Structures are given as structure tokens and as C-alpha cells.
Amino acid sequence: MARHAENARWQQWSLEDTAALLLRRFPSSHVWIVKASRMHLHKFSCYDNFVESDLFGAPKHSPDYGALGHLRALLSNASKQSRSLLCPGRTDRRVSTAPAQTILIGFSKGCVVLNQLLHELSEAQKDEELAAFIQTISQVYWLDGGHAGGSNTWVTSPEVLQELARTGIPVQTHVTPYQVRDSMRAWIGKEHEKFVRLLRELGANVTDQLHFENQPPSLKNHFQVLKMF
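Conventions used here
Residues numbered from 1 in each chain as written. Predicted model: local features only at pLDDT ≥ 70, side-chain atom pairs only at ≥ 80, totals over all residues. Heavy atoms only, no water. Helix = DSSP H or I, 4+ residues; strand = E, 2+ residues; numbered from the N terminus. Buried < 20%, exposed > 50% of the residue type's maximum accessible area, 1.4 Å probe, protein only. Contact = heavy atoms within 4.5 Å. Core = buried A, V, L, I, M, F, W, Y, C linked by side-chain atoms within 4.5 Å. Pairing = 2+ DSSP bridges. Axes fitted to C-alpha atoms, helices over the stretch in contact; angles between N-to-C directions. 1 Å grid on protein atoms, 1.4 Å probe; cavity = no way out; pocket = protein on both sides within 12 Å on 5 of 7 lines; lining within 4 Å. Points joined across faces, edges and corners; volume = space filled by probe spheres on them. Nonpolar A, V, L, I, M, F, W, Y, C, P; charged D, E, K, R; others polar. Phe/Tyr/Trp six-rings, centres within 6.5 Å; stacked < 30°, edge-to-face > 60°.

Draft legend 1. Summary view of the side chain of H40. Note on placement: H40 falls in strand β1 (residues 38-40). A relative accessible area of 15% means that H40 is categorised as buried. Contacts of H40, omitting those with residues within four sequence positions, involve C46, L55 and F56.

Draft legend 2. Summary view of the nonpolar core. By size, the foremost hydrophobic cluster in this structure holds 40 residues, and its most contacted members are L68, L118, W142, F195 and L199. Those elements giving two or more residues to this core turn out to be α2 (67-86), α3 (111-124), α4 (128-136), β4 (137-143), α5 (158-167), β5 (171-175) and α7 (186-201). Here this core gets 8 residues from one element, more than from any other, and that element is α3. Core analysis: the next-biggest nonpolar cluster, separate from the first, contains 11 residues, W13, L21, Y141 and L226 among them.

Draft legend 3. Fine view of the sheet that holds strand β6 (residues 206-210). Strand order in this open sheet of 4 strands is β3-β4-β5-β6, and the pairing throughout is parallel. Because the sheet does not close on itself, it has two edges, and the strands there are β3 (102-107) and β6. Looking at each pair of strands side by side, their axes are set apart by 10° on average, direction ignored. Judged from the 6 bridges that link them, β3 and β4 form a sheet pairing that is parallel. The residue bridging F107 from the neighbouring strand is L143, located in β4.

Draft legend 4. Looking closely at empty space enclosed by the protein. This structure, assessed with the given rule, holds 1 cavity of 30 Å³ or more. For the largest cavity, the calculated volume is near 100 Å³. Together, L68, L104, L114, L117, L118, L121, I134, I137, V140, W142, L164 and I169 line the largest cavity. Secondary structure elements with two or more residues in the lining of the largest cavity: α3 and β4. Among the elements that line the lining of the largest cavity, the one with the most residues is α3, at 4 residues. In terms of residue class, the lining of the largest cavity is built from 12 nonpolar, no polar and no charged.

Draft legend 5. Inspection of the packing of aromatic side chains at higher detail. Tallied over the entire structure, the rule returns 9 aromatic pairs. Judged by centre distance (6.3 Å) and plane angle (40°), the rings of F26 and F229 are tilted. Taken together, the residues F26 in the loop between α1 (15-25) and β1 and F229 in the segment after α8 (219-228) connect sequence positions 203 residues apart. The exposure class of F26 is buried, given its relative accessible area of 12%. Looking at F229, the relative accessible area reads 8%, which means it is buried. Residues F107 and F223 carry aromatic rings whose centres are separated by 5.9 Å and whose planes lie at 40° to one another, so their mutual orientation is tilted. Taken together, the positions of F107 in strand β3 and F223 in helix α8 put the pair 116 residues apart, joining distant regions of the chain.

Set out below in C-alpha cells:
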């Protein structure tokens, strides 16, 4: 970021600084930041390892892509590696590497990963290991989601959202005018509204908040939602 002419001014929102920010928000947790597997033009995050994406990272959601299994494996392997660093020489393999509770947070383009997880919920419940992993998820946060595509910024399928509602997992959405009040991308606000409305109609536990409501859309406030949620 420091070497990039455009991105240098946003260094305070680097992966490292965001990890530190989240640790202050969740001081008793282990915080894992998952980096996008590809950056197009050093600007567009592309999470190809979680969801099939086009050149600019816009998702092509599928119920059987494997994002839940990939996330479970990432967290498991990260826990193993951190344990080996903290406790070198320990050979007790009976200790579980699965977290007791998992909080999932997607910010901006990262929300496409959360959306892909929702598309996989129905099939994943048939797998014993994945079903057990889903049961550890205690909260999911969508923070000002957006991507370069022209639709599917928020999940609006009643069938997919029904699966989320059935899990009982609390959902929080925190948005800003940068995404949901952009007249050039009006579908984002409409999809966000439908996402929240359908989940509530389905009986899900949903908290929805619009930040900086009386301020004009800005990239600065888009990032600031990481401090506000």
C-alpha cells in the first residue's frame, strides 16, 4: 500500500492495522484476517479461493463451491500453527483445533465470502464436520458490502435466507451512504433492504444500522464503519 500511488493514503486500513483494530473490538478473541487470493490492478480484491469470481472479483455464487470447508480448514490450520509457535515441541494431538465460538466479519468486497457461505448452508448441513463448524458460528457481521458487479451484492433469495434463519445465528448489518445510497449503484441499497426485510420475516435475529446517515457518501466513512460497528 505504501508504494501504491492511490492506496498509500489508506494505509491506516491495511490488513495489519485492521487486525489490531478488531483485536481491540474483540479483546478476548483470536483475530484472523483472510487476505484476498488475488488483487486485480492492485485495487480490486478477488476472493477466488472462496467464490468463483470474474476479473474484477464480482462473485458467481454456487451452492457447492466449498467456501465453508475452505474456511474451516484455514481456521484449523492457523490454530495448529499458532499452537506450535506458542508451545514448541508439544505433541498432544488430542486437543481440538476447532474454535468454541466463531464470529465472522465481512467488510466491503469481503462480504461476497459471507454471501457464498449462505449459498452453501443447505448442502453443508449434510456433512457432519461442516455442520459442527456451522454450530460454532455465534455472530455474522456484514459491513458495508459491495463489489464491482451489477447485482448480487446482498443475498435476496428467500430459500437461501431461510437456511440462515434456521441456524438461529444472529446477524448484524452496518452500512453507510457510500454503498446503500449511491445513485449510480441503486441496486445495492434495494438489495440490502430486501436482505434485512426477508430475514426479519423469516424470524431471524437481525440488527441493522445505517451510519453517517446525514453525511454525503464518502470512501472515508466507508472505512470508518470498521470503527463504528
